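# Chain and residue survey
What follows is the residue order along each chain.
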Amino acid sequence: MVNNLEADLSQKLEILLKQTALSLTDQQKSQLVKLVLLLNKWNKAYNLTSVRDPREMLVKHIMDSLVVSPYLQGTRFIDVGTGPGLPGLPLAIMNPDKQFFLLDSLGKRINFIKNAVRELGLTNVEPVLSRVEEFKPDHQFDGVLSRAFASLKDMTDWCHHLPSESGLFYALKGQYHADEVQELHADFQVQQVIKLSVPELEGERHLVLIK
């Protein structure tokens with residue numbers, strides 16, 4: 001059954017990728033499918049995501065993360081409130097030349113990420129168990145990613161110590177609400193709002209870049 005599921009997911013991933021401009025190696029595709037299988041397995045015990053169907057995970061978790069990849073500028077990123085490693089793990093698989101710190105305050109999520117990093121043979125991921133406001137990195141980051149923060153204001157308030165001088169905030173949002181931007185502190189400017197296209201995903205997705 002597992003092998004059937006793996007073959008099924010590989011096929012589904014190919015179909016989804018063909019609807020984008022993303023190009024991945026066979027090894028990367030295999031790692032992404034393995035990541036979904038791990039999520040599916042651990043989810044039964046640890047309730048890491050409300051998405052139960054592995055095929056849906058491919059759309060809502062994997063593709064939803066990968067479409068951000070072309071916009072990443074720099075080499076050192078932190079994914080804040082990463083949950084089970086989203087978007088950090090798919091982006092790390094896609095960008096082996098970039099370094100990703102995956103931060104979450106829940107031990108079970110970080111345990112899952114550590115296990116996934118081991119199983120997938122990733123060398124560019126650093127899991128961090130911490131609350132974001134208490135995390136003091138030794139170097140700042142080119143990009144601060146998040147798809148879990150409630151508002152842009154919370155994200156910039158709590159993570160203001162993380163980006164470097166030229167670093168950006170990458171906020172993955174559903175609908176884009178311009179009124180959220182009004183709440184931002186004067187130190188922060190929205191540089192760009194990018195409408196993302198995620199194959200087979202219902203609803204809107206936006207990437208908000210903040211300097």
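Residues numbered from 1 in each chain as written. Predicted model: local features only at pLDDT ≥ 70, side-chain atom pairs only at ≥ 80, totals over all residues. Heavy atoms only, no water.

## Observations concerning the overall build of the protein
Heads up, the condition is: For the purposes of this entry, the term helix denotes a DSSP run of H or I that reaches at least four residues, the term strand denotes a run of E that reaches at least two, and both are numbered from the N terminus. The atom set for the radius of gyration is the C-alpha atoms, and the globule formula is 2.2 Å times the number of residues raised to the power 0.38. A simple rule labels every residue: compare its accessible area, found with a 1.4 Å probe on the protein chains alone, to the largest value its type can have, and call it buried under 20%, exposed over 50%, or partly exposed in between. Per-residue accessibility takes into account occlusion by the displayed protein chains alone, with areas from the Shrake-Rupley method and a 1.4 Å probe. Positive: Lys, Arg. Negative: Asp, Glu. His and the chain ends are not part of the count. In this description, the location of a charge corresponds to atom NZ of lysine, CZ of arginine, CG of aspartate or CD of glutamate.
Counting secondary structure elements, the protein contains 7 helices and 7 strands. The order of helices and strands in the protein, counted from the N terminus, is α-α-α-β-α-β-α-β-β-α-β-α-β-β. For the protein, whose C-alpha radius of gyration is 16 Å, the value lies close to the compact-globule estimate of 17 Å for 211 residues. Burial statistics for the protein: of 211 residues in total, 53% are counted as buried. On the protein, roughly 10200 Å² of surface is accessible, and the fraction owed to carbon and sulfur atoms is 47%. If you average the places of the 23 positive and of the 26 negative side-chain charges in the protein, the two averages end up 5 Å apart.

## A word on the packing of aromatic side chains
The following threshold applies: Any Phe, Tyr or Trp ring, taking Trp's six-membered ring, that has another such ring centre within 6.5 Å forms a pair; planes under 30 degrees apart are called stacked, those over 60 apart edge-to-face, and the others tilted.
Summed over the entire model, instances satisfying the criterion amount to 6 aromatic pairs. Taking 5.7 Å as the distance between ring centres and 75° as the angle between the ring planes, the aromatic pair formed by Phe 169 and Phe 188 counts as edge-to-face. One end of the pair, Phe 169, is in strand β5 (residues 163-173); the other, Phe 188, is in the loop between α7 (178-182) and β6 (190-196), and 19 residues separate them in sequence. The two residues Phe 169 and Phe 188 agree in class, both being buried. Through a chain of ring-to-ring contacts, three or more aromatic side chains come together here, namely Trp 42, Tyr 46 and Phe 112.

## Notes on the packing of helix α2 (residues 26-46) against helix α3 (residues 54-66)
What counts is decided by this rule: Only the stretch in contact is used when a helix axis is fitted, and all axes are lines through C-alpha atoms; the angle between N-to-C directions ranges over 0 to 180 degrees. Should an angle fall under 35 degrees it is taken as roughly parallel, and over 145 as roughly antiparallel, whereas 65 to 115 is taken as roughly perpendicular and any remaining angle as oblique. Handedness of a helix crossing follows the sense of rotation of the near helix relative to the far helix, less than a right angle counterclockwise being left-handed and clockwise being right-handed. Any two residues whose heavy atoms approach within 4.5 Å at even a single point are treated as in contact. Each residue gets one of three labels, nonpolar for Ala, Val, Leu, Ile, Met, Phe, Trp, Tyr, Cys and Pro, charged for Asp, Glu, Lys and Arg, and polar for the others, Gly among them.
One can describe the packing of α2 onto α3 by two numbers: an axis separation of 10 Å at closest approach and a directional angle of 125°. By the angle between their directions, the pair α2 and α3 is classed as oblique. Here α2 and α3 pass one another in a crossing that is right-handed. Seen from α2, the contacting residues are Leu 32, Leu 35, Val 36, Leu 39, Asn 40 and Asn 43; seen from α3, they are Pro 54, Met 57, Leu 58, His 61, Ile 62 and Leu 66. Partitioned by chemical class, the residues of the contact of α2 with α3 number 9 nonpolar, 3 polar and no charged.

## A few points about the nonpolar core
It is characteristic of soluble globular proteins that their nonpolar side chains tend to be buried jointly. Rules: Buried Ala, Val, Leu, Ile, Met, Phe, Trp, Tyr and Cys residues form a nonpolar core when they are joined through side-chain atoms within 4.5 Å.
Leu 66, Leu 89 and Phe 112 are the most contacted members of the largest nonpolar core, which has 51 residues in total. Of the residues forming this core, the biggest block, 8 residues, is contributed by α2. Apart from residues lying up to four places away in sequence, Leu 66 is in contact with Leu 17, Leu 22, Leu 24, Leu 32, Pro 90, Leu 91 and Met 94. Judged by nonpolar contacts, the second largest core, of 20 residues, contains Phe 149, Cys 159, Phe 188 and Val 208.

## Topic: the pattern of salt bridges
Keep this limit in mind: In what follows, salt bridge is the name for a side-chain nitrogen of Lys or Arg lying within 4 Å of a carboxyl oxygen of Asp or Glu.
Under the criterion given, the structure shown has 13 salt bridges. Taking the shortest distance from any N to any O, the salt bridge between Arg 55 and Asp 53 comes out at 3.4 Å. We classify Arg 55 as partly exposed; its relative accessible area is 33%. A network of salt bridges, in which partner residues are shared, links Asp 8, Asp 53 and Arg 55.

## Quick look at the pairing of strand β3 (residues 125-129)
Stated formally: A strand pair is defined by DSSP finding two or more bridges across the two strands. The handedness of a crossover follows from its direction of travel: if, with the strands pointing away from the viewer, the path from the first strand over the helix to the second runs clockwise, the crossover is right-handed.
Across 5 bridges, the pairing between strand β2 (residues 99-104) and β3 is parallel. Of the residues in β3, the one forming a bridge with Leu 102 is Pro 127. The β-α-β motif built from β2, the intervening helix α5 (residues 107-120) and the parallel element β3 has right-handed crossover chirality.

## Looking at the packing of α2 against α5
At a closest axis distance of 11 Å, the pairing of α2 and α5 adopts a crossing angle of 145°. The hand of the α2/α5 crossing is right-handed. Across from Gln 31, Lys 34, Leu 35, Leu 38, Leu 39, Trp 42 and Tyr 46 in α2, the residues of α5 making contact are Lys 108, Asn 111, Phe 112, Asn 115, Ala 116, Glu 119 and Leu 120. The residue inventory of the contact of α2 with α5, partitioned by class, reads 8 nonpolar, 3 polar and 3 charged.

## Here's the deal with the UniProt feature "binding site: S-adenosyl-L-methionine" (unreviewed entry) in the protein
Worth spelling out the cut-off: UniProt positions are given in the numbering used here, feature names are shortened, and annotations may be inferred rather than shown by experiment. Contacts described as polar in this section are N or O atom pairs within 3.5 Å, which, within protein, must combine one atom able to donate a hydrogen with one able to accept it, while residues neighboring in sequence count only if both atoms come from side chains.
Sites flagged by UniProt as "binding site: S-adenosyl-L-methionine" (unreviewed entry) map to Gly 81, Leu 86, Val 132, Glu 133 and Arg 147. Tracing the backbone shows Glu 133 in the loop between β3 and β4 (141-146). Within the structure, Glu 133 has its side chain in polar contact with the side chain of Arg 131 (distance 3.1 Å). Arg 147 has contacts with Lys 60, His 61, Asp 64, Ser 65, Leu 86, Pro 87 and Leu 172, leaving out every residue within four places of it along the chain. Within the structure, Arg 147 has its side chain in polar contact with the side chain of His 61 (distance 3.1 Å).

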